[in-house]
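Coordinate inspection notes
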Amino acid sequence: MKASRWLPLAVFALLAALLAAGVWMSRKPDRDALPSPLIGKPAPDFALPVLHDPNYVVKLSDLRGQPFLLNVWGSWCVECRVEHPVLTRFAESKRVRVVGYNWKDERSDALRWLEQFGNPYMVVLADQDGRTALDWGVYGAPETFLVDGQGIVRWKHVGPLDDAVIAQQLLPLLAKLEAGR
């Protein structure tokens, strides 16, 4: 009889401890960050048509030699519109090549979007069916990858880039790449 009296209290204490542990673990500032299994590994190979000229195909090997930022976007993506002015300002700095990766989009919609908002990209690759994006682990837009000159993925950011992300995360990584570290 005594055990049945304490059982609800024990269950309550256990649930309270689990809740407290969850709150304690959520205090980390990067709790929303999704680690990418690609970090530190070779970028997945690809051969994708250029949005502005579908007869011309760009391969990963064509981009090797210097770092590049691969920015996944779509005309249908609301957050891509939020990110676009920030990305444009960054691309104008010419600190690193910015490659657009138009994902699951109609060509005409993507071209119209770039005409309306501007084209900050060195080149825009088109992955209309989204197959290549699977290799990169893309599950939403916008997403951005930093790939070094040897084709190794050094960084991934999920969500729209903003000035703070560029200043606090991307620029320090670029400085390390430029310093050869």
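This text gives an overview of the structure that appears in the document. In this convention, every chain numbers its residues from 1, walking through the sequence in written order. Totals for whole chains, interfaces and linings use all residues, but because this is a predicted model, local features are given only for residues with pLDDT of at least 70 and pairs of side-chain atoms are given and counted only at 80 or more. No hydrogens and no water enter the side-chain calculation; it runs on all heavy atoms of the structure.

Residue position: Thr-144 is located in strand β6 (residues 143-147). Only protein chains enter the accessibility calculation, which uses a 1.4 Å probe; a residue whose area is less than 20% of its type maximum is buried, one above 50% is exposed, and one in between is partly exposed. Judged by its relative accessible area of 0%, Thr-144 is buried. Polar contact is the term for a pair of N or O atoms within 3.5 Å; when the atoms are in protein, one must be able to donate a hydrogen and the other to accept it, and sequence-neighboring residues count only if both atoms are side-chain atoms. Side chain to side chain, Thr-144 and Asn-71 meet in a polar contact 2.9 Å long. If near-sequence neighbours (up to four positions away) are discounted, Thr-144 is found in contact with Leu-69, Leu-70, Asn-71, Glu-83, Trp-155, Lys-156, His-157 and Leu-161. Numbering of helices and strands runs from the N terminus, with a helix taken as a DSSP run of H or I at least four residues long and a strand as a DSSP run of E at least two residues long. Here, residues are in contact when the closest pair of their heavy atoms is within 4.5 Å.

Any pair of cysteine sulfurs within 2.5 Å is marked as a disulfide. Using the criterion set out here, one finds one disulfide in the structure. Each sulfur of the disulfide joining Cys-77 and Cys-80 lies 2.4 Å from the other. With the S-S bond torsion at 85°, the cross-link from Cys-77 to Cys-80 turns out right-handed. Using a relative accessible area of 5% as the deciding quantity, one classes Cys-77 as buried. When its relative accessible area of 1% is taken as the criterion, Cys-80 is described as buried.

Quick look at the environment of Ile-152 now. Mapping Ile-152 onto the fold places it in the loop between β6 and β7 (153-158). Here Ile-152 falls in the buried class, since its relative accessible area comes to 17%. As a C-alpha pair, Ile-152 and Pro-44 span 108 residues in sequence and 9.2 Å in three-dimensional space.

This part takes up helix α4 (residues 107-117). Within α4, burial applies to Ala-110, Trp-113 and Leu-114. Down the axis of α4, the buried side of the element spans an arc of 95°, and every buried residue falls inside it. Exposed and oriented more than 90 degrees from the buried face of α4 are Arg-112, Glu-115 and Gln-116. In the core, the buried residues of α4 are packed alongside β3 (68-73), α3 (78-92), β4 (97-103) and β5 (123-127). Backbone geometry just downstream of α4 places Gly-118 in the positive-phi region, at approximately 100°. The directions considered for the arc run from the helix axis to the C-beta atoms.

Let's shift gears to helix α6 (residues 163-178). Approximately 35° is the largest bend angle found in α6, and it occurs at Leu-170, with the proline Pro-172 only one to four residues beyond. Close packing links the buried residues of α6 with β3, α3, β6 and β7. For α6, the N-terminal capping position is held by Asp-162, with its side-chain oxygen 3.1 Å away from the main-chain nitrogen of Ala-164. Note that bend, as reported per residue, equals the angle between axes fitted to the 7 residues terminating at that residue and the 7 residues originating from it.

Below, the discussion takes up the environment of Trp-136. Residue placement: Trp-136 occurs in helix α5 (residues 131-136). What makes Trp-136 buried here is its relative accessible area of 1%. In this structure, the C-alpha to C-alpha distance between Trp-136 and Val-153, residues 17 residues apart in sequence, is 9.9 Å. Other than its neighbours up to four places away in sequence, Trp-136 contacts Leu-38, Ala-43, Pro-44, Phe-46, Leu-70, Phe-145, Val-147, Val-153 and Lys-156.

Right, let's get into the packing of α3 against α6. Interaxial distance between α3 and α6 falls to 11 Å at its minimum, and their mutual angle equals 35°. The handedness of the crossing between α3 and α6 comes out as right-handed. Two secondary-structure elements touch here, α3 through Val-86, Arg-89 and Phe-90 and α6 through Asp-163, Ile-166, Leu-170, Leu-171 and Leu-174. Taken together, the residues of the contact of α3 with α6 sort by class into six nonpolar, no polar and two charged. Here, axes are lines fitted to C-alpha atoms. For helices the fit covers the stretch in contact, and angles between N-to-C directions go from 0 to 180 degrees. Crossing chirality is assigned from the near helix's rotation relative to the far helix, an anticlockwise turn below a right angle marking it left-handed and a clockwise turn marking it right-handed. Each residue gets one label: Ala, Val, Leu, Ile, Met, Phe, Trp, Tyr, Cys and Pro are nonpolar, Asp, Glu, Lys and Arg are charged, and the others, such as Gly, are polar.

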